Amino acid sequence: MDILSMQNVSLSFGSARALDGLSFAVKEGEIFGFLGPSGAGKTTTIKLLTRQLRPGAGEIAVFGVPIARLDSAAYEQIGILSDNSGVYERMTVYENMKLFADLRGLPASRIGEVLEKVGLADAGKRVAKKLSKGMRQRLILAMAVLHRPRLLFLDEPTAALDPATTAAIHRLLREMNDGGTTIFLTTHNMEEADRLCARVAFLNEGRIAETGVPAQLKLKYAKDRVRVLLEDGETLECARNPEAMGALLAGLSGRGIASVHSEEPDLEEIFLQVTGRNLV
Amino acid sequence: MKKHLRVLRTLFVKDIVDMFKNPNVLLMLALPLIFIVIYQFVDLGMSPAYLLMLGVMMNLCLTPLSVLGMMIAEEKEKNTMRTLMLCNVTGGEFLAAKTLAVLAGTLLVDTVLFFLTGFSPAQLPVFLLVCTAGSITMLLLGGLTGIVCRDQTSTGTIAGPLALVFMLPTMFAGMGGVLQKVASFVPTTATADLMFLGLGHQSWMGANVLWDVAVLAAWTAGSAVLFALAFRKKGVDN
């Protein structure tokens, strides 16, 4: 089942076209990566999907219901972490969590559980103003997942975070996804997308340039070459087919092989191939 | 309904606590009290009723007008309002909770002023009733300021001149002439007149009372229309 979909959605800000006939769908239970450089329309797409903006044209559905008809109960099943999420700076970490637990009618026991998962269990009494950037981002994530959302929107969740915090957030996201949460993730970090996403879509100038499973995209855009590194340091290359590889191996005449690599591009290289643009 | 009440209660408690943690708001709440204590200390020979009127006018122009606008703008500036909206809080719930919290703060300061100037507890209910009626216009204009402004700094640009417009004519109405004429059209003067009436145990019947009530009603209706237009056009999270 598609948990959300967009059909021919367009949106302009003045004369600037932000989205141009955008169409895609996300299946329930998957982590869907929405990839593109800054200004490609990723945040605009999240804003449309969460009713912070209205489309100029096209159809948007969330939980199978046209977004204009979505009631507030449906929004209780959504969690959002965006670049414009804020925390109450004069309140402690625990007080911030308690506020959102009370707003959603959740028991206080859930707060400790979530703070533990995002690694903020010992920071409950710290005033939010004094948190580091990484801790603040984890607090915002904790607030977004407090109510165990069915659908979670994450806009660049690990941008500018240290590797340890990023790894902790990735662990939590996988755990949530295992528990059934669908995650819509925007990022321009291809490594993050490769590691987390079941499917990705490349967004360029307000349109989807390519979409698919990362591993399949890598095969599709592979150079069809194999590189063989020999133990004596020499590197040999051949086409990726049985005949060429057989001929290469036969010609080695007893020299040792150190490694064999198929020449698969990473997602960043595929993006460049597809759009002619770099991601950053 | 249950959800609305839960959200309203939670936000109201949050806003009340936050008012007393925010140094800018605390200063605004304390200013009328400091002002009256200093006036009592230097003893300028003002009657307790006039002293109380000065404190209440200052409070009316600072708390509901400036503080409410500032508190709304701060939530925009720090993106907490957006976080609330994305947590299924409506603009109406957000504004209602803040308005009630600021009204509570206004009435708390009014009560302290009332006792500081030495009035009897028996007169408190009528006094608070008049203060509440006078606060409604200011709360609506404070809410309007918060809707229109993007940050706390810009609220001062609107609330500052508005506060002077409402405070000065009332304070200097006693000088007569044009000032007295102008003062009779502002809601703060109507509030002050009704307050004197309540504190002096005078009759509530008469042309002056009707005029003051009409002025308050007209300002409340006008502010409500302006507020509704701004809310409809810009929403709370613009």
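Along every chain, residues carry numbers that run from 1 in the direction the sequence is written. Here chains are named by letter from A upward and ligands by number from 1 upward, in the order in which they appear as written. Reporting of local features is limited, given that this is a predicted model, to residues whose pLDDT is at least 70; pairs of side-chain atoms are given and counted only at 80 or more, and all residues count toward the totals for whole chains, interfaces and linings.

A.B. asks: Even after reading the chapter, I still don't get the overall build of chain A, so can you show me in this structure?
C.D. replies: Counting secondary structure elements, chain A contains ten helices and 13 strands. Overall size of chain A, expressed as C-alpha extent along the three principal axes, is 75 × 45 × 35 Å. To sort residues by burial, count the other C-beta atoms lying within 10 Å of each one's C-beta; a count of 20 or more means buried, 12 or fewer means exposed, and anything in between means partly exposed. C-beta atoms are built from the backbone. Taking all 280 residues of chain A together, 35% fall into the buried category. Distance between backbone-placed C-beta atoms decides contact: two residues are in contact if it is within 7 Å. Counted over contacts in chain A with a minimum sequence separation of 6, partners at least 24 positions apart contribute 69%. By the criteria applied, helices consist of DSSP H or I runs no shorter than four residues and strands consist of E runs no shorter than two, each listed in order from the N terminus.

A.B. asks: What exactly am I supposed to notice about the overall build of chain B here?
C.D. replies: When helices and strands are tallied, chain B shows ten helices and zero strands. Going from N to C terminus, chain B has its helices and strands arranged as α-α-α-α-α-α-α-α-α-α. For a compact globule the rule gives 2.2 Å times the number of residues to the power 0.38, and the radius of gyration it is set against comes from C-alpha atoms. At 18 Å, chain B has a C-alpha radius of gyration in line with the 18 Å of a compact globule built from 238 residues. Dimensions along the principal axes, computed over C-alpha positions, put chain B at roughly 55 × 35 × 35 Å.

A.B. asks: Any chance you could explain the sheet that holds strand β4 (residues 57-62) of chain A here in plain terms?
C.D. replies: Two pairing modes exist for strands in a sheet, parallel and antiparallel, and in both the strands are linked by backbone hydrogen bonds. Should DSSP find at least two bridges between two strands, the strands are taken to pair. Pairing in this open sheet of four strands is antiparallel, and the strands run β2-β1-β4-β5 (chain A) from one edge to the other. This sheet does not close on itself; its edge strands, each paired only once, are β2 (16-27) and β5 (65-66) of chain A.

A.B. asks: Can you walk me through unusual backbone geometry in this structure?
C.D. replies: Peptide bonds are, in most cases, trans, and in most cases residues other than glycine have a negative phi. Residues and elements named next belong to chain A. In this model, asparagine 8 sits at a positive phi of 50°, which is unusual for a non-glycine residue. Relative to the helices and strands, asparagine 8 resides in strand β1 (residues 2-13). Assessed through the 13 C-beta atoms surrounding it within 10 Å, asparagine 8 is described here as partly exposed. A positive phi angle, near 55°, is found at phenylalanine 63, a position not held by glycine. Summarising the element assignment, phenylalanine 63 is placed in the loop between β4 and β5.

A.B. asks: Where do I start with the domain arrangement of chain A in this structure?
C.D. replies: Accessible area lost during the coming together of the parts is what is often quoted as the interface size. Boundaries of every domain are those given by an automatic assignment or by a domain database. The assigned domain composition of chain A is domain 1 (1-77 + 149-217 + 265-280), domain 2 (88-145) and domain 3 (223-263). The gap between the C-alpha centroids of domain 2 of chain A and domain 3 of chain A is 54 Å.

A.B. asks: Hey, could you run me through the interface of chain B and chain A in this one?
C.D. replies: Taken together, the contact pairs 16 residues of chain B with 18 residues of chain A. At the level of elements, α1 (2-19) and α4 (80-85) of chain B are the ones that each hand at least two residues to the side of chain B that touches chain A. Residue contributions to the side of chain B that touches chain A peak at five residues, all from α1 of chain B. Each residue gets one of three labels, nonpolar for Ala, Val, Leu, Ile, Met, Phe, Trp, Tyr, Cys and Pro, charged for Asp, Glu, Lys and Arg, and polar for the others, Gly among them. Each residue belonging to the side of chain B that touches chain A can be placed in one class, and the counts come to four nonpolar, six polar and six charged.

A.B. asks: Any chance you could explain helix α2 (residues 23-42) of chain B here in plain terms?
C.D. replies: Because each turn of an α-helix spans 3.6 residues, side chains separated by three or four positions in sequence point in the same direction. Residue and element names in this part refer to chain B. Helix span, expected: 1.5 Å multiplied by one less than the number of residues in the helix. Its 20 residues give α2 an end-to-end C-alpha distance of 27 Å, which sits within 8% of 28 Å, the value for a rise of 1.5 Å per residue. Note on bend: at a given residue it equals the angle between the axes fitted to the 7 residues ending there and to the 7 starting there. At alanine 30, α2 is deflected by roughly 35°, the largest bend along its length, and proline proline 32 occurs up to four residues later in sequence. Looking at the packing, one finds that the buried side of α2 touches α1, α3 (48-77) and α5 (91-116). Note on α2: the residue one or two positions beyond its end, aspartate 43, has a positive phi of about 50°.

A.B. asks: Where do I start with helix α9 (residues 187-199) of chain B in this structure?
C.D. replies: Residue and element names in this part refer to chain B. Between its terminal C-alpha atoms α9 stretches 18 Å, which fits the 18 Å expected from 13 residues at 1.5 Å a residue. Among the 13 residues that make up α9, ten are buried, leaving the element largely enclosed by the rest of the structure. Along α9, the residues that are buried comprise Pro187, Thr188, Thr189, Ala190, Thr191, Ala192, Asp193, Leu194, Met195 and Leu199.

A.B. asks: It is not clear to me how the sheet that holds strand β10 (residues 207-212) of chain A should be interpreted in this structure. Could you clarify?
C.D. replies: Residue and element names in this part refer to chain A. Read from one edge to the other, the open sheet built from six strands follows the order β6-β7-β8-β3-β9-β10, with strand pairing classed as mixed. One side of each edge strand has no neighbouring strand; the edge strands of this open sheet are β6 (78-81) and β10. The mean inter-strand angle of the sheet, taken between neighbouring strand axes irrespective of direction, is 15°. For strand β3 (residues 31-35) and strand β9 (residues 199-204), the ladder comprises four bridges, and the chain directions are parallel. Its bridge partner lying in β9, phenylalanine 34 is registered against alanine 201. Fitting a line to C-alpha atoms yields each axis, with helices limited to the stretch in contact; the angle taken between N-to-C directions then spans 0 to 180 degrees. Running at roughly 150° to strand β7 (residues 151-155), helix α1 (residues 42-49) makes contact with β3, β7, β8 (182-187) and β9 of the sheet. On top of the sheet, helix α10 (residues 267-275) reaches β3, β9 and β10; it is set at about 40° to β9, its chief contact.

A.B. asks: Is there a simple way to explain the nonpolar core in this structure?
C.D. replies: Across soluble globular proteins, you tend to see nonpolar side chains buried next to one another. When buried Ala, Val, Leu, Ile, Met, Phe, Trp, Tyr and Cys residues are joined through C-beta atoms within 7 Å, the set is termed a nonpolar core. Core analysis: the biggest nonpolar cluster contains 129 residues, and Leu35, Met97, Leu139, Ala142 and Leu185 of chain A have the highest contact counts within it. If you tally residues by element for this core, the top one is α3 of chain B, at 16 residues. When residues are assigned to domains, this core turns out to be shared by domain 1 (1-77 + 149-217 + 265-280) and domain 2 (88-145) of chain A, each giving three or more. Dropping the residues within four chain positions of it, leucine 35 of chain A is found in contact with Thr187, His188, Met190, Ala193, Val200, Ala201, Phe202, Leu203, Leu267 and Phe271 of chain A.

A.B. asks: How should the environment of asparagine 22 of chain B be read in this particular structure?
C.D. replies: Mapped onto the secondary structure, asparagine 22 of chain B falls in the loop between α1 and α2. In this structure the C-alpha to C-alpha distance between asparagine 22 of chain B and lysine 181 of chain B, which are 159 residues apart in sequence, comes to 38 Å.

A.B. asks: Explain the packing of helix α3 (residues 93-103) of chain A against helix α4 (residues 109-117) of chain A here, please?
C.D. replies: A pair of packed helices can be characterised by two numbers: the angle between their axes and the separation between those axes. All names here are of chain A. Two numbers describe how α3 lies on α4: the axes approach to 10 Å, and their chain directions differ by 125°. Looking at the two axes, α3 sits oblique to α4. Remark: the crossing between α3 and α4 carries right-handed chirality. Contacts between α3 and α4 involve Tyr94, Met97, Lys98 and Ala101 on the former and, on the latter, Arg110, Ile111 and Leu115. Per-class residue counts for the contact of α3 with α4 are five nonpolar, no polar and two charged. Roughly parallel means an angle under 35 degrees; roughly antiparallel, over 145; roughly perpendicular, 65 to 115; everything else is oblique. Note: crossing handedness is left-handed where the near helix turns anticlockwise from the far helix by less than a right angle, and right-handed where it turns clockwise.

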